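Spelled out from the first residue to the last, the chains are:
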Amino acid sequence: MMDLITFGVSGVLTIVVSLISIILLVLTIVFGIIRAIKKKFKKTFIILLIITILFGIIDFISIKNLIKNFNEIDVNRDESINIRQENGKMILSDNPIEQLFMSDDKKTEIICNDIMNKIETKDYETIKSIFSKDAINNIENLGDVINELINISNEGITNVESQMNGSETHWDSGQHRKTYRFSIDITTNNGIYDVGFEYDYENPFNSETLGVNRIVIADGNRNTIILVENETLNKGY
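Overall, the coordinates contain 8 salt bridges when judged by the stated rule. For aspartate 94, the salt bridge is made with arginine 84, and the minimal N-O distance between the two is 3.1 Å. A residue pair is termed long-range when its members are at least 10 positions apart, and aspartate 94 in the loop between β2 (89–91) and α3 (96–100) and arginine 84 in strand β1 (residues 84–86) qualify at 10 residues. Exposure remark for aspartate 94: the relative accessible area of 66% places this residue in the exposed category. Among the salt bridges present, the one from aspartate 200 reaches arginine 177, with a minimum N-O distance of 2.8 Å. With aspartate 200 in strand β5 (residues 192–202) and arginine 177 in strand β4 (residues 175–188), this pair connects stretches of sequence that are 23 residues apart. Looking at aspartate 200, the relative accessible area reads 1%, which means it is buried. By relative accessible area, which is 5% here, arginine 177 ends up buried. One salt-bridge network, held together by shared partners, links Arg84, Glu86 and Asp94.

The structure is reproduced here in structure tokens:
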């Protein structure tokens, strides 16, 4: 995994390589025009063209690796990550630029880590906070699923694997609502559980829906243990 400092250094080097590539491209174009008009600087043009192509390849690889490394920045299940709501959106980082360039997989990874941290507290109100305000107000048997999550945590969690299953985006007047679907496979001392979530990440139309609005818990054989969902969800558009 790459830390933020190493990523920053890589970013600066990538910018330098990109600037050099741009300068070389401009020079190649200039000498290419001179070569075509005045039939001069043939060797210079050829050398510049070769160097520009080489730097272009290096630049492409550098940018590709930078994006790959960004998505591999270590995000541990760290309680210091304070996920919160602001302006109809879940805030996953104190650095807005970092969150802007996060992939959907990265966002769901951070959200899953936060959910698991809350489940492992075995505290009813803490686990309840993963749900949206709209879900809390409208799901009558919400307490049943919270108690089931507490029971799973009491069994002793030995392994956790999460994955994103899909997303949905609704656009209206330049704003958009984003919903993620993801699942967490939880292994305990007593068995394996597959927990699926539907989670509003962004909703400028109605911030009351931010958080979990649907959760299904299944056993290792994919048999549903409990399902709750906000059937009266007010999508706000």
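Picking up after the structure, the text goes on.
Right, let's talk about the confidence of the model for the protein for a bit. Here the protein shows a mean pLDDT of 85. Residues at 70 or above account for 88%. Here residues 75–79 is a poorly scored stretch, pLDDT under 50, and it has 14 contacts once near neighbours within four places are set aside; other chains count.

A cluster of nonpolar side chains, Ile15, Leu19, Ile22, Val26 and Val30, forms an exposed patch at the surface whose accessible area comes to about 450 Å². Inspection of the secondary structure assignment puts valine 30 in helix α1 (residues 4–38).

In this section: the nonpolar core. In terms of nonpolar packing, the biggest core is built from 36 residues, with Ile115, Phe131, Val145, Phe197, Ile215 and Ile217 touching the most fellow members. Looking at this core, the elements with two or more residues in it are α4 (104–119), α7 (142–154), β4, β5, β6 (211–219) and β7 (224–229). Apart from residues no more than four positions distant in its own chain, valine 145 is found in contact with Phe131, Ile215, Ile217, Ile226 and Val228.

Next up on the list: the packing of aromatic side chains. Any two aromatic rings considered together are summarised by their centre-to-centre distance and by the angle between their planes. In this structure the tally under the stated criterion is 3 aromatic pairs. When the ring of phenylalanine 182 is compared with that of phenylalanine 197, the centres are 5.3 Å apart and the planes differ by 25°; the resulting orientation is stacked. Linking phenylalanine 182 in strand β4 with phenylalanine 197 in strand β5, this pair joins segments that are 15 residues apart in sequence. For phenylalanine 197, a relative accessible area of 5% corresponds to the buried category.

Along its 16 residues, α4 runs 22 Å from first to last C-alpha, staying within 8% of the 22 Å computed at 1.5 Å per residue. In terms of burial, α4 is a largely internal element, 13 of the 16 residues being buried.

β5 sits mainly inside the fold: 9 of its 11 residues count as buried. Of the pairings in the sheet, the one linking β4 to β5 comprises 10 bridges and is antiparallel in character. Across the sheet, residue lysine 178 finds its bridge partner in β5, namely glutamate 202. Hairpin connection from β4 to β5: 3 residues lie between these consecutive antiparallel strands. Relative to β6, β5 is paired through 8 bridges, and the arrangement is antiparallel. Each bridged residue has a counterpart across the sheet, and for aspartate 194 the counterpart in β6 is alanine 218.

Calculation notes
Residues numbered from 1 in each chain as written. Predicted model: local features only at pLDDT ≥ 70, side-chain atom pairs only at ≥ 80, totals over all residues. Heavy atoms only, no water. Salt bridge = Lys/Arg side-chain N within 4 Å of Asp/Glu carboxyl O. Helix = DSSP H or I, 4+ residues; strand = E, 2+ residues; numbered from the N terminus. Buried < 20%, exposed > 50% of the residue type's maximum accessible area, 1.4 Å probe, protein only. pLDDT = per-residue confidence, 0-100. Contact = heavy atoms within 4.5 Å. Patch = residues over 30% accessible without salt bridge, like charges linked within 9 Å, V, L, I, M, F, W, Y side chains within 5 Å. Areas by Shrake-Rupley, 256 points an atom, 1.4 Å probe, with all protein chains shown as cover. Core = buried A, V, L, I, M, F, W, Y, C linked by side-chain atoms within 4.5 Å. Phe/Tyr/Trp six-rings, centres within 6.5 Å; stacked < 30°, edge-to-face > 60°. Expected span 1.5 Å × (residues − 1). Pairing = 2+ DSSP bridges.

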